[in-house]
Amino acid sequence: MSEIVSVSGGPTKPEIIAVSLSKLGLKDGDRFADVGCGTGSVSIEAARIARNLTIYAIDARKEALLATETNFKNFGIENARILAGEASDILGSEKTIDSIDCAFVGGTKNIGSILAKLVEKKARSIVVNAVRIETVVRTIEAMKSLDIFDEVIHVAVSRSSPIAGETMFKPENPVYIVVGKKQS
């Protein structure tokens, strides 16, 4: 099994990916946007869940795009487009992406604009990961104004670590998972 090539701020921890993707509700054949893709680790796991997934991995950071490209090659991810630039600009282009079924948002710059563009693209579910309280508040407010807010989950994970021949737990930074769903 290949190791994920990482960048600053990533990859997203496996436990957070598991909860985030379970809330996303991916289906076979979906068009999936990984906004602020970082290492591409969320897309890699999404491709394991849903067959024939079309992936749009978006990031403005050159190091992230290079890591994603390497990781996609190493993990055999096909049917993916790696898109460089500001997510709200990319999502605003009809030529680049015509519609999105589900989106994971790991980068939270311009979150209000990104969420609005995803709603315009007809996304049925959106999951935003955040570590800062202010980002959580902005995300909830934006989702409520777009009438897609569903819930927020606070996830705290601790990992075992050796100490004096025994075992203790060291906490990871907590993550907030903000879920938006298209209202029926």
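Note that residues are indexed from 1 along each chain, following the sequence as it is written. Given that this is a predicted model, residues contribute local features only at a pLDDT of at least 70 and side-chain atom pairs are listed and counted only at 80 or more, while totals for whole chains, interfaces and linings are drawn from all residues. Hydrogens and waters are ignored; side-chain quantities use all the structure's heavy atoms.

## Topic: the sheet that holds strand β1 (residues 31-35)
And then number 1: The pairing criterion for strands is at least two bridges between them, as found by DSSP. Helix and strand assignments follow DSSP, with helices taken as H or I runs no shorter than four residues and strands as E runs no shorter than two, numbered in order from the N terminus. What the seven strands build is an open sheet, ordered β3-β2-β1-β4-β5-β9-β6; its pairing is mixed. The open sheet has two free edges, formed respectively by β3 (80-84) and β6 (149-155), since each of these has just one partner strand. Looking at each pair of strands side by side, their axes are set apart by 15° on average, direction ignored.
And then number 2: In the packing of helix α6 (residues 133-145) onto the sheet, contacts are made with β5 (125-130), β6 and β9 (175-181), and the angle to β9 comes to roughly 5°. Angles here are taken between N-to-C directions and fall from 0 to 180 degrees, while the axes themselves are lines fitted to C-alpha atoms, restricted in helices to the stretch in contact. Contact definition: two residues touch when any of their heavy atoms are within 4.5 Å.

## Details of the pattern of salt bridges
And then number 1: Here, a salt bridge means any Lys or Arg side-chain nitrogen found within 4 Å of an Asp or Glu carboxyl oxygen. Counted under the stated rule, the structure contains nine salt bridges.
And then number 2: Residues Asp-28 and Arg-51 are paired through a salt bridge, measuring 2.8 Å at the closest nitrogen-oxygen approach. Of this pair, Asp-28 sits in the loop between α1 (14-24) and β1 while Arg-51 sits in the loop between α2 (41-49) and β2 (54-59), and the two are 23 residues apart along the sequence.
And then number 3: Each residue's exposure class comes from its accessible area (1.4 Å probe, protein chains only) as a fraction of the maximum for that residue type: buried when under 20%, exposed when over 50%, partly exposed otherwise. Among the residues examined, Asp-28 registers a relative accessible area of 43% and is labelled partly exposed.
And then number 4: For Arg-51, a relative accessible area of 58% translates into the label exposed.
And then number 5: Put simply, Arg-31 and Asp-98 hold a salt bridge, and the shortest N to O gap is 3.6 Å. Here the residue Arg-31 occupies a position in strand β1, and Asp-98 occupies one in the loop between α4 (87-92) and β4 (102-105), the gap between them amounting to 67 residues.
And then number 6: Accessibility expressed as a relative area gives 47% for Asp-98, which makes it partly exposed.

## Looking at the nonpolar core
If you look at soluble globular proteins, the nonpolar side chains tend to sit buried side by side.
And then number 1: We define a nonpolar core as any set of buried Ala, Val, Leu, Ile, Met, Phe, Trp, Tyr and Cys residues linked to one another through side-chain atoms lying within 4.5 Å. Residues Leu-118 and Ile-126 are the most contacted members of the largest nonpolar core, which totals 27 residues.
And then number 2: Elements represented by at least two residues in this core include exactly β1, β2, α4, β4, α5 (111-120), β5, α6 and β9.
And then number 3: Formed by 26 residues, the second largest nonpolar core is a distinct cluster that contains Leu-21, Ile-55, Ile-77 and Val-175.

## What about the packing of α5 against α6?
Each pair of packed helices can be summarised by the angle the axes make with each other and by the distance between the axes.
And then number 1: For the pair α5 and α6, the least separation of the axes is 9 Å and the interaxial angle reads 35°. Considering how the two elements wind past one another, α5 and α6 form a crossing that is right-handed. Along the contact surface, α5 presents Ile-111, Gly-112 and Leu-115, while α6 presents Arg-138, Thr-139, Ala-142 and Met-143.
And then number 2: Gly counts as polar in this scheme, as do all residues outside two lists: the nonpolar Ala, Val, Leu, Ile, Met, Phe, Trp, Tyr, Cys and Pro, and the charged Asp, Glu, Lys and Arg. Within the contact of α5 with α6, the residues separate by chemical class into four nonpolar, two polar and one charged. Handedness of a crossing is defined here by the sense of rotation of the near helix relative to the far one, left-handed for an anticlockwise turn of less than a right angle and right-handed for a clockwise turn.

## Details of the environment of Thr-39
And then number 1: Here Thr-39 shows up in the loop between β1 and α2.
And then number 2: For Thr-39, a relative accessible area of 3% gives the class buried.
And then number 3: For Thr-39 and Val-155, which are 116 residues apart along the polypeptide, the C-alpha to C-alpha distance reads 21 Å.

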